[in-house]
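Now for the letters of each chain:
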Amino acid sequence: FFIFSFLDFRWKTQQLSFSLSLSLSSLAEASMSFTPPQFKDIGKSLTDLFKKQFSYEKKWKIVTKAANNVSLESGGNADETSSYVNVKVARSDFGKFEAELGTDGTTKVKAVANQLSDGVVVTAECSGWGADPTGKLSADYAKDFLNATAAVKVAKKGDALNTSVEAAASVGFDGLSVGGSVGYDAAQGEVSDYNTGLQYQQDDFTAAIKTQDQLDTVVASYIHKVDSDTTLGARFTYDLKDSGRKLELGGALTIDSRSAVKAKVDNNGVLDAAFQHKLYNPQLTFTLAAQYNVKKDLTPTTFGVSFEFGDN
């Protein structure tokens, strides 16, 4: 009897040890797969919720995609009576190339090489050919636990040539990310900006706190995905210099596969609302947005409308 009891105890102990080993191994594997966001993207999910669709311009855009990974886009702004043409090319052996030309004389060229090495992305971009041209070269590295970027920007204004350097990094583990950034103005010979931030994200929520303007402003944000159709968010901004405070609350609701609404309001009584609807024949997405000051009246202080045709 004692022998059988001892053997049964050993068998159960081995089973428990094996199960615990598997659980720890799975946890370590899940944690190892976490790559933190770039520092600039800390708090981005809430920023997108409070920014996208809230556009108060009269815009239009047409997008056409070809089978060879070429995308042609044209658009314009009725308020500024300007338009543009944009061409994007994606290659599996190199990366992406983009060029844009505007009727107001603006030009932009961008090349992204994302096949150089695992986790490495190098981007070169320039704009403003002729008057006041600018160029920027940046390198990003993203791997387990680390996401780092460095960039050099050169801008010519008149006869002056200004060079600035930016560096940022974030480290993370199991949903928690901590990062910081610093900017250096070579023309002035001084640090131009520095900030830090922290974010914790899970499948259904993201909480973040981040500084701006050389640590002078603190922004705390929280976004919660209630279900597949409903998202709620809040953001609190505090200015350490003048003790200014701003609280914003908002959310998005998907009505059906074609329609969605968004709204946000702040402690100053400014209310933003947007409605978006998609048509499939023709392929069209139109967005209506309006801003109100509810402390005064319910007449819109400004509004916008946008039409997007094609393969968006």
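Quick caveat: nothing in here was measured; it's all calculated off a predicted structure.

A.B. asks: In this structure, what is going on with helix 2 (residues 44–51)? I would like to understand it.
C.D. replies: Among the residues of helix 2, those classed as buried are Leu 46, Leu 49 and Phe 50. Down the axis of helix 2, the buried side of the element spans an arc of 90°, and every buried residue falls inside it. Of the surrounding secondary structure, the elements contacted by the buried residues of helix 2 are strand 13 (217–225), strand 14 (230–239), strand 15 (245–254) and strand 16 (259–266). One or two residues past the end of helix 2 sits Gln 53, with phi positive at roughly 75°.

A.B. asks: How do you make sense of the packing of aromatic side chains when you look at a structure like this?
C.D. replies: Each pair of aromatic rings is reported with the distance of its centres and the angle of its planes. This model, assessed by the stated rule, comprises 4 aromatic pairs. Here Phe 145 and Phe 173 contribute two aromatic rings whose centre-to-centre distance is 5.9 Å and whose plane-to-plane angle is 25°, an arrangement assigned as stacked. Highlighted residues: Phe 145 in the loop between strand 7 (134–143) and strand 8 (146–157) and Phe 173 in strand 9 (residues 160–173), separated in sequence by 28 residues. Given a relative accessible area of 48%, Phe 173 falls into the partly exposed group. Members of the aromatic cluster, joined through ring pairs, are Tyr 200, Phe 205 and Tyr 222. In this structure, Lys 58 packs its charged tip against the face of Phe 303, placed 4.3 Å from the ring centre. The positively charged end of Lys 210 is found above the aromatic ring belonging to Phe 39, 4.7 Å away from the centroid.

A.B. asks: Even after reading the chapter, I still don't get unusual backbone geometry, so can you show me in this structure?
C.D. replies: The phi torsion of most residues other than glycine is negative, and most of the peptide bonds are trans. The step from Asn 281 to Pro 282 runs through a cis peptide bond, and the omega angle for that step is 5°. Inspection of the secondary structure assignment puts Pro 282 in the loop between strand 17 (270–280) and strand 18 (283–293). Positive phi, close to 55°, is recorded for Asp 213, a residue that is not glycine. Positionally, Asp 213 belongs in the loop between strand 12 (205–212) and strand 13.

A.B. asks: Looking at this structure, I do not really get the environment of Ala 274. What am I missing?
C.D. replies: Examined against the element boundaries, Ala 274 turns out to sit in strand 17. Owing to a relative accessible area of 7%, Ala 274 belongs among the buried residues under this scheme. Taking C-alpha positions, Ala 274 is 6.5 Å from Ala 290, a pair spaced 16 residues apart along the chain. Apart from the residues within four sequence positions on either side, Ala 274 is in contact with Gln 53, Phe 54, Ala 260, Val 261, Lys 262, Leu 288 and Ala 289.

A.B. asks: I would appreciate a short explanation of the layout of surface pockets in the present structure.
C.D. replies: Regions of empty space are outlined by a rolling probe, equal in size to a water molecule, passed over the atoms. In this structure, the second largest pocket encloses a volume near 530 Å³. Residue lining of the second largest pocket: 25 residues in total, with Glu 57, Lys 59, Trp 60, Gly 76 and Tyr 84 positioned closest to the centre. Contributions of two or more residues to the lining of the second largest pocket are made by strand 1 (58–65), strand 2 (70–77), strand 3 (82–91), strand 4 (95–102), strand 18 and strand 19 (302–310). Residue contributions to the lining of the second largest pocket peak at 5 residues, all from strand 19. Partitioned by chemical class, the residues of the lining of the second largest pocket number 6 nonpolar, 12 polar and 7 charged.

A.B. asks: For this particular structure, what's the right way to read the side chain of Asn 77?
C.D. replies: Along the chain, the position of Asn 77 falls in strand 2. A relative accessible area of 9% means that Asn 77 is categorised as buried. In terms of polar contacts, Asn 77 uses its side chain to reach the backbone amide nitrogen of Asp 79, at 2.8 Å. Asn 77 has contacts with Glu 57, Lys 58, Lys 59, Trp 60 and Ser 82, leaving out every residue within four places of it along the chain.

A.B. asks: How should the pairing of strand 9 be read in this particular structure?
C.D. replies: It is a general feature of regular strands that their side chains alternate between the two faces of the sheet. Bridge count for strand 8 against strand 9 is 12 bridges, and the pairing is antiparallel. Considered in strand 9, the bridge of Lys 157 is made with Ala 160. With antiparallel pairing between neighbouring strands as the criterion, strand 8 and strand 9 make up a hairpin whose turn holds 2 residues, including Gly 158 at a positive phi of roughly 70°. Where strand 9 meets strand 10 (residues 176–185), 10 bridges bridge the pair, whose relative direction is antiparallel. Bridging from a neighbouring strand, Gly 172 pairs with Ser 177 of strand 10. Where strand 9 folds back on strand 10, the antiparallel hairpin that results is connected by 2 residues, among which Asp 174 adopts a positive phi of roughly 55°.

So, how was this worked out
Residues numbered from 1 in each chain as written. Predicted model: local features only at pLDDT ≥ 70, side-chain atom pairs only at ≥ 80, totals over all residues. Heavy atoms only, no water. Buried < 20%, exposed > 50% of the residue type's maximum accessible area, 1.4 Å probe, protein only. Helix = DSSP H or I, 4+ residues; strand = E, 2+ residues; numbered from the N terminus. Arc of directions from axis to C-beta. Contact = heavy atoms within 4.5 Å. Phe/Tyr/Trp six-rings, centres within 6.5 Å; stacked < 30°, edge-to-face > 60°. Lys NZ or Arg CZ within 6 Å of the ring centre and 35° of its normal. 1 Å grid on protein atoms, 1.4 Å probe; cavity = no way out; pocket = protein on both sides within 12 Å on 5 of 7 lines; lining within 4 Å. Points joined across faces, edges and corners; volume = space filled by probe spheres on them. Nonpolar A, V, L, I, M, F, W, Y, C, P; charged D, E, K, R; others polar. Polar contact = N/O pair within 3.5 Å; in protein donor to acceptor, adjacent residues only side chain to side chain. Pairing = 2+ DSSP bridges.

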